[in-house]
Amino acid sequence: MRGSISSLAFLLMIGGVQPGQAAASVGAGATLTVNDADGLGRVGDKRLSLAEAIRLANGSLTLTQLSKAERRQVRGSPGPAAADLIRFSVRGDAVRLPVQILAKPDQPFAPLIVNSLMPILRDNDGDTIGGRGVKLTNGADDMRDTVNAAPLFKGAPIGGLGLVVESANVTIKDVAFERFATPLSFRPAAGKTVLSGMRVTGNKFHNGGGITFSAVTTAGERGTLRDLVISDNDFRGPRQFGEEFPSMLHSAMSIVGVDNGVKDTSASAPDGVIEDVTIARNSVKDFAGGVHVMPLQTVFAPNRGARLSRLTVAGNDIALLDEATDPAIYLWGAVAVNGHASDVSVSDVLVEGNKVVGNGFIVFIAGVEALMGGKQPPRNIHMKGIRVRGNQISPRKSCSVGIATIGGFPEMNGPPVTEISVSDVEVSGNTVAGCATGLLASPVVNVGAPGKSTGNMVRGIKYDGNTITGAKTGILVAGGALIAAGEVSGSADIVRNHVHDVQVMRNSIDANQAGILIAGGYVASKVKGHVTDNEVQITRIADNKGTGATPLCRVADQFTHGAAQAEVHGNHVIAQGTSCGR
């Protein structure tokens, strides 16, 4: 069988099965010791391969089919009803899979299509692959690029998909994956719509792409990802080794709920679900993106119905490539690429104690991104219970925003947004250095899309005890923000959006233009449009300290920067119990 896909504290494990522990319905299993350096091997020879061990553990291969030498590597009775352990004793501590070489795509952001040559881990519930440091590689170390006319890789080539997991309660630990475009891919099996209890811990993912999770089954059914732990792994991208990854879609960890692989997008279709996920104490270096979690995605089609709840991203050390364009921590309710996204909820998100170095918007939490065409606005997407605490944020080259919490983010001539909300947000104790804007909140930030974005809301946002240095603007809260650049195919309108219950307290800010800026309507763009009738309601601004900006705090119904061409009027800031003057 072959699988294919398209490409501070570490909290206590969230319920369910713990690492190395099988589900209650799975009995104690066998120990299978891989001693073949050939990942596929040949049944009946003198060594047990990884492919053979996986097949023994899922029941598609029996002990009677093995040679005596192979059987000596098995202790106990493996099979789908047992929690088997696969370990390694291989000369040179390296298992080689047949080499696969990626061809350079036509576009820099093209998705990569990769395949696995290994058996799928299907009916392997409760199994553990314990590498004890063994390397699993795409080909031999001395392979060369024989696919691209101008060699894309300076060393051994990158390609392929390492392992595909479609079983619950699987642990993969202490394995070094090298030169795979996608080292690991997790998804529910057809007819088994819940994938739970996954543990990926203590592994190395070097000189290749990142790992992926999807809640869509192989049959296109909507599924559930539950109780996932990704911890203590080391992700190091190709750039550190002088090579080029062939796509800018290059995140270390990607978790997607519902995507275009689903067959049923009707209003009666069940939600895709992601819940109880912990991503902790991982090291990420030289990737274009770090952590990417998104319950719903649609590309050139409508899609609806997804939920994300109880996500923790804590204690990770992330430093992206110099040329990185994606956020380092990237949490969306939905992304609509020339499509229509709707009916999504996100709740109980904690981003805590991470050290993050990136470009652009570094920590980006948003209800929806709508881009590249489409006329129907994304709608009914809601996020609540967002906590961003104690993180250290700094730029690799250039930082636009350190931490952003946004409702809708229309760009690249996508559609406008409506009925998007972000509520109950706390951003506290973070250190943000060298970003043009340290902290940003708005129901709508339009960076290049026509149409009217309306009816979006941020309700309840608290900035408390953050330290911001080297900024132009320390904290920006806007009822609607137009910051579009380039050509927009129509009028960019932001009308009747609201921010309620803003609290800004005990922050220390070093900014040279504005320490704290609260604006009903905010425009820093030459794009034509209308920013009207938006509102911000302040509950409290108190006990902040600042240097470099005079005054520390500014409130404005309308704020324009540069040669703005949009009409800006009718916006309001309602200040209650604040000493911040206009």
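Residues numbered from 1 in each chain as written. Predicted model: local features only at pLDDT ≥ 70, side-chain atom pairs only at ≥ 80, totals over all residues. Heavy atoms only, no water.

Novice: Just to check I follow, could you spell out the overall build of the chain for this structure?
Specialist: Broken down by element type, the chain carries two helices and 44 strands. Whereas a compact globule of 582 residues would reach a radius of gyration of roughly 25 Å, the chain reaches 25 Å, a difference of no more than 12%. Every one of the 582 residues in the chain was classed for burial, and the buried ones make up 61%. About 20,900 Å² of surface is accessible on the chain, with carbon and sulfur atoms providing 49% of the total. On the chain, the mean spot of the 54 positive side-chain charges and the mean spot of the 51 negative ones are 3 Å from each other. (Helix = DSSP H or I, 4+ residues; strand = E, 2+ residues; numbered from the N terminus. Rg over C-alpha atoms; globule rule 2.2 N^0.38 Å. Buried < 20%, exposed > 50% of the residue type's maximum accessible area, 1.4 Å probe, protein only. Areas by Shrake-Rupley, 256 points an atom, 1.4 Å probe, with all protein chains shown as cover. Lys, Arg positive; Asp, Glu negative; His and termini not counted. Charge placed at Lys NZ, Arg CZ, Asp CG, Glu CD.)

Novice: Teacher, can you tell me more about the packing of aromatic side chains here?
Specialist: The description of two aromatic rings rests on the distance between their centres and on the angle between their planes. Taken as a whole and judged by the stated rule, the model has twelve aromatic pairs. Pairing Tyr 330 with Trp 332 gives two aromatic rings, centres 5.4 Å apart and planes at 70°, and the pair type is edge-to-face. You'll find Tyr 330 and Trp 332 in the same group, each marked buried. Measuring from ring centre to ring centre gives 6.2 Å for Trp 332 and Phe 409, while their planes differ by 55°; the resulting arrangement is tilted. (Phe/Tyr/Trp six-rings, centres within 6.5 Å; stacked < 30°, edge-to-face > 60°.)

Novice: I would appreciate a short explanation of the pattern of salt bridges in the present structure.
Specialist: A side chain of one charge can pair with a side chain of the opposite charge when the charged atoms of the two come close. This model, assessed by the stated rule, comprises 24 salt bridges. Two residues, Lys 285 and Asp 317, come together in a salt bridge whose shortest N-O distance is 3.5 Å. With Lys 285 in strand β20 (residues 283-285) and Asp 317 in strand β23 (residues 317-319), this residue pair connects regions lying 32 residues apart in the sequence. Of the charged contacts, one joins Arg 387 and Asp 424 as a salt bridge, the two residues approaching to 3.0 Å between their closest N and O atoms. Of this pair, Arg 387 sits in strand β27 (residues 379-389) while Asp 424 sits in strand β29 (residues 420-428), and the two are 37 residues apart along the sequence. Judged by its relative accessible area of 40%, Asp 424 falls in the partly exposed class. (Salt bridge = Lys/Arg side-chain N within 4 Å of Asp/Glu carboxyl O.)

Novice: I'm lost on the side chain of Thr 224 in this one. Help?
Specialist: Position of Thr 224 among the secondary structure elements: in strand β16 (residues 224-231). Other than its neighbours up to four places away in sequence, Thr 224 contacts Thr 193, Val 194, Leu 195, Ala 215 and Val 273. (Contact = heavy atoms within 4.5 Å.)

Novice: Help me understand the state of the cysteines, please; the structure alone is not making it clear to me.
Specialist: Between two cysteines, a covalent bond joining their sulfur atoms is known as a disulfide. Taken as a whole, this structure holds one disulfide when the rule is applied. Between the sulfur of Cys 399 and that of Cys 435 lies a disulfide, 2.0 Å long from S to S. With the S-S bond torsion at 95°, the cross-link from Cys 399 to Cys 435 turns out right-handed. Of the two residues, Cys 399 sits in strand β28 (residues 392-411) while Cys 435 sits in strand β31 (residues 435-446), which places them 36 residues apart along the sequence. (Disulfide = S-S within 2.5 Å.)

Novice: What's the story with the sheet that holds strand β32 (residues 451-454) in this structure? I'm lost.
Specialist: Sheet strands pair via backbone hydrogen bonds, and the direction of the pair is either parallel or antiparallel. Across the sheet, four strands lie side by side as β32-β36-β39-β43; this open sheet has parallel pairing. The open sheet has two edge strands with one neighbour each: β32 and β43 (567-569). For this sheet, the mean inter-axis angle between neighbouring strands, taken without regard to orientation, is 15°. When β32 meets strand β36 (residues 492-495), the two strands line up parallel, connected through four bridges. From the neighbouring strand, Ser 453 faces β36, where its bridge partner is Ile 494. (Pairing = 2+ DSSP bridges. Axes fitted to C-alpha atoms, helices over the stretch in contact; angles between N-to-C directions.)

Novice: In this structure, what is going on with the nonpolar core? I would like to understand it.
Specialist: Generally speaking, nonpolar side chains in soluble globular proteins are found buried as a group. If you look at the biggest cluster of nonpolar residues, it comprises 127 residues, and the most contacted ones within it are Phe 213 and Ile 279. Broken down by element, this core gets its largest block of residues, six residues, from strand β26 (residues 355-371). Other than its neighbours up to four places away in sequence, Phe 213 contacts Phe 186, Met 198, Val 200, Leu 225, Leu 228, Ile 230, Ser 254, Ile 255 and Val 256. The next biggest cluster of nonpolar side chains, apart from the first, holds 26 residues, and it includes Val 256, Val 445, Ala 519 and Phe 559. (Core = buried A, V, L, I, M, F, W, Y, C linked by side-chain atoms within 4.5 Å.)

Novice: Is there a simple way to think about the environment of Pro 410 in this case?
Specialist: Following the sequence through the fold, Pro 410 ends up in strand β28. Among the residues examined, Pro 410 registers a relative accessible area of 0% and is labelled buried. Residues Pro 410 and His 498 lie 88 residues apart in sequence; the distance between their C-alpha atoms is 17 Å.

Novice: Teacher, can you tell me more about unusual backbone geometry here?
Specialist: Glycine aside, the phi torsion of most residues is negative, and most peptide linkages are trans. Even without glycine at this site, Asp 286 takes up a positive phi of about 65°. Phi is positive for Asn 380, close to 55°, though the residue is something other than glycine. Considering the arrangement of structural elements, one finds Asn 380 in strand β27. Overall, the relative accessible area of 30% leaves Asn 380 in the partly exposed class.

Novice: When you look at helix α1 (residues 50-58) in this model, what are you seeing that I'm missing?
Specialist: In an α-helix, one turn spans 3.6 residues, which is why side chains three or four residues apart end up on the same side. For α1, the buried fraction is high: eight of the nine residues fall into the buried class. Every buried residue belonging to α1 is among Leu 50, Ala 51, Glu 52, Ala 53, Ile 54, Leu 56, Ala 57 and Asn 58, and all of these are buried. Positive phi appears at Gly 59, one or two residues downstream of α1, with a value of about 90°.

Novice: Can you walk me through the pairing of strand β12 (residues 182-186) in this structure?
Specialist: Two faces, one strand: in a regular strand the side chains alternate between the faces of the sheet. With five of five residues buried, β12 lies mostly within the body of the structure. When strand β9 (residues 161-165) meets β12, the two strands line up parallel, connected through four bridges. Bridge pairing in β12 places Val 164 opposite Ser 185. One ladder, built from two bridges, connects β12 with strand β15 (residues 211-214); its direction is parallel.

Novice: Can you help me understand the pairing of strand β38 (residues 508-523) in this one?
Specialist: With twelve of 16 residues buried, β38 lies mostly within the body of the structure. Inspection of the sheet shows strand β34 (residues 467-478) paired to β38 by eight bridges, in the parallel sense. Directly across from Ala 478, in β38, lies its bridge partner Ala 519. Bridge count for strand β35 (residues 481-482) against β38 is two bridges, and the pairing is parallel. Looking at β38, one finds that Ala 481 is bridged to Tyr 522. Bridge count between β38 and strand β41 (residues 545-547): three bridges; the pairing is parallel. For Ile 509, the partnering residue across the bridge sits in β41 and is Gly 546. As defined by bridge partners, β38 adjoins strand β42 (residues 553-560) across seven bridges and the pair is classed as parallel. Opposite Val 523, over in β42, you have Thr 560 as the bridge partner.

Coordinates in, geometry out; function isn't part of it.
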